[in-house]
Amino acid sequence: MKTLRFSSSLFRINSTQTNKNGINSALRFSTTSNIWGPENRRYIPRRAVLYVPGSDERKLKKIPSLGADCIVMDCEDGVALSKKAAARSTIHRVLDKQEIDFMGKDCSVRFNSADSGLCELDMVEVLSAAHLPTTVHLPKVESPEQLDWFSEKLSHALGSRRLQEKLRLIIFTESAQSLLDLPAICRRGVELSRDAPFSLDGVVFGSDDFCADIGATRTNEAKELSFARQYVVTVAKAFKLQAIDLVYIDYKDLAGLKVQSEEGVGMGFTGKQVIHPGQVPVVQAAFSPPAEKIEWAKALIQAFEEHQKEGKGAFTFRGNMIDMPLLLQARNIVQLASSL
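Because the structure is predicted, anything quoted here is derived from the model rather than measured.

Reading the values: the criteria
- Residues numbered from 1 in each chain as written.
- Predicted model: local features only at pLDDT ≥ 70, side-chain atom pairs only at ≥ 80, totals over all residues.
- Heavy atoms only, no water.
- Helix = DSSP H or I, 4+ residues; strand = E, 2+ residues; numbered from the N terminus.
- Polar contact = N/O pair within 3.5 Å; in protein donor to acceptor, adjacent residues only side chain to side chain.
- Salt bridge = Lys/Arg side-chain N within 4 Å of Asp/Glu carboxyl O.
- Buried < 20%, exposed > 50% of the residue type's maximum accessible area, 1.4 Å probe, protein only.
- Contact = heavy atoms within 4.5 Å.
- Pairing = 2+ DSSP bridges.
- Axes fitted to C-alpha atoms, helices over the stretch in contact; angles between N-to-C directions.
- Phe/Tyr/Trp six-rings, centres within 6.5 Å; stacked < 30°, edge-to-face > 60°.
- Expected span 1.5 Å × (residues − 1).
- Arc of directions from axis to C-beta.

A. Expanded view of the environment of Asp 106. Within the element layout of this structure, Asp 106 appears in strand E4 (residues 106–110). Separated by 27 residues in sequence, Asp 106 and Pro 133 place their C-alpha atoms 8.1 Å apart. Here the side chain of Asp 106 touches Arg 46 through a polar contact of 2.8 Å, side chain to side chain. A polar atom in the side chain of Asp 106 sits 2.8 Å from the side chain of Thr 135.

B. Layout of the pattern of salt bridges. The tally for this structure, following the rule as stated, stands at 24 salt bridges. Here Arg 93 and Glu 99 are joined by a salt bridge, their closest N and O atoms 2.9 Å apart. Members of the salt-bridge network, linked through shared partners, are Asp 74, Glu 76, Asp 77, Arg 110, Lys 140, Glu 174 and Asp 209.

C. Summary view of the side chain of Asp 122. Within the fold, Asp 122 resides in helix H3 (residues 119–126). On the basis of relative accessibility, which here comes to 0%, the residue Asp 122 falls in the buried class. In contact with Asp 122, not counting residues within four places along its chain, are Cys 75, Arg 88, Phe 111, Asn 112 and Leu 127.

D. Inspection of the sheet that holds strand E5 (residues 135–138) at higher detail. Spatial strand order, E2-E3-E4-E5-E6-E7-E8-E9: 8 strands in a closed barrel with parallel pairing. When strand polarity is set aside, the average angle formed by the axes of neighbouring strands in this sheet is 30°. Pairing geometry for strand E6 (residues 167–173) and strand E7 (residues 198–205), over 7 bridges, is parallel. Each bridged residue has a counterpart across the sheet, and for Phe 172 the counterpart in E7 is Val 204. The strands touched by helix H6 (residues 182–193) are E6 and E7; relative to E7, the strand with the most contacts, the crossing angle is about 160°.

E. Structural context of the packing of aromatic side chains. Evaluated as defined, the whole model comprises 4 aromatic pairs. Here the aromatic rings of Phe 150 and Phe 198 are separated by 6.0 Å at their centres, their planes lie at 50°, and the arrangement is tilted. Taken together, the residues span a long stretch of sequence, with Phe 150 in helix H4 (residues 144–158) and Phe 198 in strand E7 at a distance of 48 residues. Of the two residues examined, Phe 150 and Phe 198, each falls in the buried class.

F. Just H6, in detail. In a regular helix each residue adds 1.5 Å, so 12 residues correspond to 16 Å; H6 covers 16 Å between its end C-alpha atoms and thus fits that length. All of the buried residues along H6 are Leu 182, Ile 185, Cys 186, Gly 189, Leu 192 and Ser 193. Buried positions in H6, seen along its axis, are confined to an arc of 125° and lie on one side of it. For H6, the secondary structure elements touched by its buried residues are H4, E6, helix H5 (176–180), E7 and helix H8 (226–238).

Below is the structure:
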C-alpha cells in the first residue's frame, strides 16, 4: 500500500508511475491552504498573464479574442516614455465607456512603479473612470514603505468612491533587494489589505530586470534563476498568494515554453507571464488540471465525506492511503477547475 507524497506544486504527474486505477501514484500537490485565500474571497485564475500596451489601440481592440485568463492593459514597460500620457488616457477611456468586452477575463491595469514619478498620475486618471479594473499591478516593489505610499495614493485617487469589491493587487519583485525583502513586503501588503481599498492577491517574478540587477546572463533554460523562482514561490505561498512565473523570452519556441511552463507548475507557480498571444494555449494547458485529475479529486472528496459520516479518519482510496494534506489538494483542484 502506497502513501502519497507532496511537493509545493498545484499538480504534477510523474509519467513513469501509474497505479492500477490509471491515476498516477506520484501525484504531487500543494500543501498550502485552500485556494480561495485567507478571506475566502472569489478566486481569480491567472494561468496566463498577457500584457497589452495601453498606448496601442490596435492591440487593445484584440482583447476580446485573446484567450489569456488575465489581460493587463499596460502603462509601464510596454509603453515608451513619450506615450505614457496617451496610455493612461486611452485606458481611462476604455474603462469609462466599456469599449472592450473582456469576456470574463481578469481586467487588469499595470501602473508605473512607485519611484517612477508616474504612478500617482496613472492612478488618478485610470481610477477616475466610471468602471474600474478588477486588478491593478504594481511593478518594481522594493520595500514595504512603497506599499504604504501606494495604499495612501490609491485611497486618495478613489476618494469617497464606494467599491462593491476591493481591487485586487498584484506586486512585482524585480531586483535582488526586492527579493531579499519580499517576506516583509508581502507581510505589509497583507496587513494593509485589512483596511486599504485593495486586497493583495499575488506576486509576479520579473526576471529580466532581476537578471540585469544581479548581472546574470538570461537564458531560455533559466538555470540562473532557479533559486529566485523557488524563493518567490515559497514566500508567496507562505502568505497564501498567487505566484506568477517569469516570461519565456523566445516566443516562437513553443516546445521550450511547454517545458518551462511545466517546470513552473512543478515549482508551485499558479500562472505564468506571456508576451505573445501564441504562447497562451501552451501556458494555460500546463497550468490546468486535466480531466482525469478533476475526476480523481471529486471522487476522493466524495469518499472522504462518506468516511467522515462513518466517523473514520485516514482511509484508503484507489490503493493509496489518504490523509488531510491530500484532501486539501483535491479540493484545490476542484475549486480551480470550477473557476475556469
